[in-house]
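So you can see what is in the structure, the chains are spelled out below.
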Amino acid sequence: MDQKILSLATEKTAEKLQEFLQCLKDDELTGLLQKHAVKGKSPGALLKGIFKGSPCSEEAGSLRRLKVYKYCIQLVESGDLHREVASEITGLLMLEAHSLPGSSLVELANGFVDVVREGSLVNGKSLELLPIILTALATKKENLAYGKGELNGEEYKKQLINTLCSSRWDQQFVIQLTSMFRDVPLSIEELEFVVEKVLRLLSKLDLQEIPPLVYQLLLLSSKGSRTKVLEGIIAFFSQMDKSHNEEQCGDDLLDLVTVPSGELRHVEGTIILHIVFAIKLDRDLGRELMKHLKAGQQGDANKTICPFSIALLLSVARIQRFEEQVFDLLKTSILKSFRDLQLLHTSKFLQNLVPQKSCISTMILEVVKNSVHSWDHVTQGLVELGFILMDSYGPKKILGGKTTEASLVPSKTPSQQACRLGANILLETFKIHEMIRKEIVEQVLNRVVSKASSPISHFLDLLSNIIIYAPLVLQSCSSKVTEAFDYLSFLPLHTVQGLLKAVQPLLKVSMSMRDSLILVLRKAMFANHLDARKSAVAGFLLLLKNFKILGSLSSSQCSQSIGATQVQVDVHSRYNSVANEAFCLEILDSLRRCLGQQADVRLMLYEAHLLCCIQHCLAWYRNKVMPEEEEEEEGFQQDLEDMLESITIRMIKSELEDFELDKSADFSQATSVGIKNNIYALLVIGVCEVLIEYNFTIGNFSKNKFEEVLSLFKCYNRLSDILKEKAGKGKSTMVNKTVRSFLSMKFVSALLVALFRDSSQSHEESLSVLRSSNEFMRYAVNVALQKVQQLEETGQVDGPDGQNLDRIFQNLCEITRVLLWRYTSIPTSVEESGKKEKGKTISLLCLEGLQRIFHTVQQFFPSKIHQFLRALDITNEDEEEEDVNITQRATFQIRQFQRSLVNLLSCQDDDFNGKEALLLVTILSSLSKLLDPSSPQLMQMLSWTVKMCKENSLEDASFCKGLMNLLFSLHVLCKSPVSVLRDLSQDIHGQLGDLDQDIEVEKPNHFAMVNLKTAAPTVCLQVLSQAEKVLEEVDWLITKLKGHLGQETLSEEASQEVSLNQTLEKAAILQLGTLLTAFHELVQTALPSGSCVDSLLRNLSKIYTILTALVKYYLQVCRTSGGIPNRMEKLVKLSGSHLTPQCYAFISYVQNIQNESLSVAGEKKKEKTAAVTTAMARVLRETKPIPNLIFAIEQYEKFLIHLSKKSKVNLMQYMKLSTSRDFRINGDILDTALQEQETDEENERMTDQTVASEQRKDDDSQEPAKKKRKKK
């Protein structure tokens, strides 16, 4: 039969073939097909013959074709056929599908849907036919039966796709089904059905099946729905990472079901490569990715920014056309994240409203950690991002040569945090990826050399951290380091010092690098430029400090060590002490040559002070070496001690005239004699200090030695007074107000303990010598202050252990205990009641020292705060109180200073010391930062501060400002300060009076601190500054609300989103309402012209701008869901009745006081032209914010009109249009001025006519009358 079908199919006509096929039963026909297909006997020819004899124009032929199709589909799906045979059959079925009638197509399509729904697919091969069937069905225009109704082909196709996507898909055929839809023409709605279905299935697949499915999704996205595809992929892996991290942090039992970390990272890396490849082929996909991530910034960034999306962006950055966009987006996101966190950390109000999310810096560092799993496509982007952050947000140079940010200060501002993040990215990338290390080091060195004129401390810190981590690894980059050495002569001094300090570990392990540096420094010593020679001296001195000779300990070894991740290198086992001694003698020989150079070069060497070094070496030898050595080797020690003793005697007997440094000496920098005298003065002062420390240390509380110490101090003091006197007369000197002390911090600590805390009877007689001099005790406290200030500014102090932070911390604790005891034992009031002396009292100096120390300890030793506070607790120093936390210890100290402040405020007005009060408030502010924000102790301190502000009516402006700062800093940690701002505004209004002088304002007296002298500008500016911060918070909330509107959420999240939005809306409106009442008081206050008026006008502009933003938000709400809440309507009513009219009245008031100031200045025009110019400039400056305020009000009213139309609520009924919009021109004054001008011009015209008629009678050669009028 099969042969007959094949022979009849070769004939030109198909009648005989049709007749033969009609005679065959269905079983016979399918049997023939099975026989040919299974045995591989060219089933394609048989199928062609059957289709030729089964025309679709006839019903029988159409039915036969349908049966053949069904049976062939079963054959293909069975898996019994060879791949080539199955492909041949499928191809023929595809070719003939378009000729099938609509009903047959519907039946075939339904069959596929049923198979998928039932999960009876065997190999999915037959799915290749489904796209053709659906495509053919969509072209059918006739109506097809569907249930009880009818649908055309396109509608039926849509229904089938909907049914298919609603069905359960077998896990093993998900990829084939997704691939199948690529060949189906889909509408936008249908494509979304498919994409949503596939995205839902991601979580149900095995990890290894996800990359091929994502690949199919990306191919499918070429039809559309690119954003939804990308959003779904990013959301899925964001959740995967989150779950993975939670499981790793959870119970150990979860490890049994956890996806291996390496496997997950490899899958993520593969998918990132798929997406990048797709973006290279489809530029629109890249645009949609950038658009989606940028839109996410406006709302909840954590929904779009995650470790996976960051890694994806960094990979996309390798595509040139997207590189700039990617890094701009990442920079913006990073800075926004840090700003948001800063805003949240400083506001309890926002913390209660918005849940804190993970910081983007944590995510980026997680990407760095994950990149170890063969993410080479991410590594380069990480390096670029790190350098971009450091370049963009590093410290900047400002006027005066200072930098805006110091690397020593912990990162606080968003810019500082972004710069620190860039450094961390580069350091962690350097640790993980060996291939990229050389590039990172090269780029850092290039910036150090090429950007020397700009602040580069952050790059030097990074270089130092890299070298400390791996000095041996960096030997491979030694050529780059030595190349950087060649530029030392051209770099600024501070850059040279920073660079050489950073490379010290390298010099210890690389002799060739050290030799190269020595060669460069020798050349620099004879360079033409002064800075080059200074750099050479600094370099040599730094090398001397870092090499061990004869068993001594170098200062750098106290602060630096080679990382434990590599082989430990002991440089002195390789280069013995003899070699080091020769090396150091060679350096000393080079330094000796600078003694014949300019004063600046010599001064650098003098600052190292040989006598000081000798004294410290002797002290070290006595304490460390001498107990272990025999007495035979003490000859050199005795010689040095005899030398120091001789110098001591000679210095005591000498007079300043012996050094030609008496009061008549020249200290001017304009003459060589003056420069020489300054250098001599510094040397003599230094010698005195070194000898003071030496004699006190060896004196062993001998009265004679302490008398010598006092005599040396008198010499020091005389010269110091002369220098201060010269500086006071305006003569430029090389010294500051206080000369940098040569005393070591350890000695200062011991000296303070002896002077103020030593109660031993055996020491009393000798110490009374020093205690008899208030000047000496004040000097000791001043030096302690200087050391703390030096630590605060440079991160280290002079002298031994000056870079050892542990030793510095111990000395700080001891100094703080002494200063605290001295201040609390002898208050300033008691000390001042005695003998009056010049300068600050010792108690006041102690208090100033405490204020600096509390700030510095929080800055440099945040991890040791508990240890520091425990060291201050003198009463319980012998008891172990491990359970006492930081808050409790800080509270104990706070109460001491609170009592001191209360006692000070209880004094009479004549005895009140404003400086001491301000220092106490500053200390309380510093200590309050140590309190837990959720602790009752913080609430107690807030209550105490509020009480102080309410009960004290001091007229000291600086103290009032400090107390107000403390009040607000505590208030924002507990709740929003808007109610306090309202009360303070009422007090200011009551004290200063109303704009209308005829109105008498009631004085509410909420806070006694607000009085006539402090109300303006002190309290007023504080209130306006805090109000501006509140407005920033409200603006941030409104921006967040707008972002929520723009983001699509899942149905289960929608209700939570609505509830959160309502909470945020209510909070923003209540804040604005309370602020409106505060501004209602201030705009009616007769503020003095100046900063208060200017700041108020700017704040008013800002509140109207934020009100406009809130109105725009509700415009968006009205477009999507519904109307506006009642509280918004009340806010609009409040603004229309309590703010806008008063704003226009305030504008008129400002113009009047400015006109008065101009008229007063005009009367003095003939006497002082400068006064008029100054007055006009001030008026111009103060009137500048007025147009901005008017514009802000008009914009607010404009959008209120739009909102009224959208919401069907007449909001403009509460707004009264003011007639004061001619703020630049006063109509009445203008009319009067014009009339006066017309009268004057008429009089001048009459006079001119008279003069002209008389002159016509004169000679024609005379000058014209018009020019004569100008001369007159």
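Just so it is clear, the model here is predicted, and its values are computed rather than measured. (Residues numbered from 1 in each chain as written. Predicted model: local features only at pLDDT ≥ 70, side-chain atom pairs only at ≥ 80, totals over all residues. Heavy atoms only, no water.)

A. Looking closely at the overall build of the chain. Tallying secondary structure elements over the chain gives 56 helices and two strands in all. In the chain, which comprises 1272 residues, the proportion classed as buried is 49%. Contacts in the chain between residues at least 24 apart in sequence constitute 73% of all its contacts with a sequence separation of at least 6. When the accessible area of the chain is evaluated, it comes to approximately 61,700 Å², of which 50% is carbon and sulfur surface. (Helix = DSSP H or I, 4+ residues; strand = E, 2+ residues; numbered from the N terminus. Buried < 20%, exposed > 50% of the residue type's maximum accessible area, 1.4 Å probe, protein only. Contact = heavy atoms within 4.5 Å. Areas by Shrake-Rupley, 256 points an atom, 1.4 Å probe, with all protein chains shown as cover.)

B. Seen up close, the environment of Glu916. Within the secondary structure layout, Glu916 lies in helix α44 (residues 914-928). Assessed through its relative accessible area of 4%, Glu916 is described here as buried. Sequence separation between Glu916 and Glu848 is 68 residues; the distance between their C-alpha atoms is 8.4 Å. Leave out the neighbours within four places in its chain, and Glu916 touches Tyr823, Thr828, Leu844, Leu847 and Leu904.

C. Up close: the side chain of Glu792. Among the secondary structure elements, Glu792 is positioned in helix α38 (residues 774-794). Within the local environment of Glu792, its side chain forms a polar contact with the side chain of His855, the two groups lying 3.0 Å apart. Those residues in contact with Glu792, other than ones at most four positions away along the chain, are Arg852, His855, Thr856, Gln859 and Phe860. (Polar contact = N/O pair within 3.5 Å; in protein donor to acceptor, adjacent residues only side chain to side chain.)

D. Molecular detail of the state of the cysteines. If you walk through the whole model with that rule in mind, you get zero disulfides. Free of any disulfide, Cys960 has its nearest cysteine sulfur in Cys949, 7.5 Å distant. Residue Cys960 is classed as buried on the basis of its relative accessible area, which comes to 0%. (Disulfide = S-S within 2.5 Å.)

E. Representation of the packing of helix α14 (residues 261-281) against helix α15 (residues 283-298) within the structure. The interhelical angle for the contact between α14 and α15, taken along N-to-C directions, is 120°, at an axis separation of 5 Å. In terms of axis orientation, α14 runs oblique to α15. The residues of α15 that touch α14, namely those facing Ile275, Ala278, Ile279 and Leu281, are Arg283, Leu285, Gly286 and Leu289. In terms of residue class, the contact of α14 with α15 is made up of six nonpolar, one polar and one charged. (Axes fitted to C-alpha atoms, helices over the stretch in contact; angles between N-to-C directions. Parallel < 35°, antiparallel > 145°, perpendicular 65-115°, else oblique. Nonpolar A, V, L, I, M, F, W, Y, C, P; charged D, E, K, R; others polar.)

F. Structural detail: unusual backbone geometry. For the bond running from Ala1016 to Pro1017, omega is 5°, close enough to zero to count as cis. The residue Pro1017 is located in helix α48 (residues 1015-1046) in this model. In this structure, Ser225 takes a positive phi of about 55° despite not being glycine. Looking at where Ser225 falls in the secondary structure, it is placed in the loop between α12 (210-220) and α13 (226-249). The backbone phi angle of Lys1208 is positive, close to 65°, even though this residue is not glycine. Turning to its location among the elements, Lys1208 is positioned in the loop between α54 (1185-1207) and α55 (1227-1255). Here Lys1208 falls in the exposed class, since its relative accessible area comes to 74%.

G. Local environment of the confidence of the model for the chain. Across the chain, the average pLDDT comes to 80, with 79% of residues at 70 or higher. pLDDT under 50 marks residues 252-257. Its contacts with residues more than four places away, or in other chains, come to one contact. Taken together, the stretch residues 1254-1272 has pLDDT below 50 and engages in six contacts with residues farther than four places along the chain or on a different chain. (pLDDT = per-residue confidence, 0-100.)

H. Just helix α6 (residues 83-97), in detail. In a regular helix each residue adds 1.5 Å, so 15 residues correspond to 21 Å; α6 covers 21 Å between its end C-alpha atoms and thus fits that length. Listed in full, the buried residues belonging to α6 are Val85, Ala86, Ile89, Thr90, Leu92, Leu93 and Ala97. The buried residues of α6 all sit within an arc of 160° when viewed along its axis, so they share a single face. Turned more than 90 degrees off the buried face of α6, the exposed positions are Arg83, Glu84 and Leu95. (Expected span 1.5 Å × (residues − 1). Arc of directions from axis to C-beta.)

I. A look at the nonpolar core. If you look at the biggest cluster of nonpolar residues, it comprises 197 residues, and the most contacted ones within it are Leu752, Phe897, Leu901, Phe959, Phe1079 and Tyr1104. With 17 residues, the top contributor of residues to this core is helix α50 (residues 1091-1120). Ile50, Leu129, Ile305 and Leu382 belong to the second largest nonpolar core, which has 112 residues in total. (Core = buried A, V, L, I, M, F, W, Y, C linked by side-chain atoms within 4.5 Å.)

J. Structural view of the environment of His1044. Among the structural elements, His1044 can be located in helix α48. By relative accessible area, which is 7% here, His1044 ends up buried. As for His1044 and Glu1057, which are separated by 13 residues in sequence, their C-alpha atoms are 7.8 Å apart.

K. The arrangement of the packing of aromatic side chains in detail. Taken as a whole, this structure holds 20 aromatic pairs when the rule is applied. Consider the rings of Phe696 and Phe706, whose centres lie 4.9 Å apart with planes at 0°: the pair is stacked. Placement of Phe696 in helix α34 (residues 672-699) and of Phe706 in helix α35 (residues 703-728) is noted, with a sequence separation of ten residues between them. What makes Phe706 buried here is its relative accessible area of 0%. (Phe/Tyr/Trp six-rings, centres within 6.5 Å; stacked < 30°, edge-to-face > 60°.)

L. Highlighting a nonpolar patch on the surface. Residues Tyr215, Phe277 and Leu281 make up a contiguous nonpolar surface patch of about 330 Å² in total accessible area. Summarising the element assignment, Tyr215 is placed in helix α12. Taking relative accessible area as the criterion, Tyr215 reaches 33% and is therefore assigned partly exposed. (Patch = residues over 30% accessible without salt bridge, like charges linked within 9 Å, V, L, I, M, F, W, Y side chains within 5 Å. Salt bridge = Lys/Arg side-chain N within 4 Å of Asp/Glu carboxyl O.)

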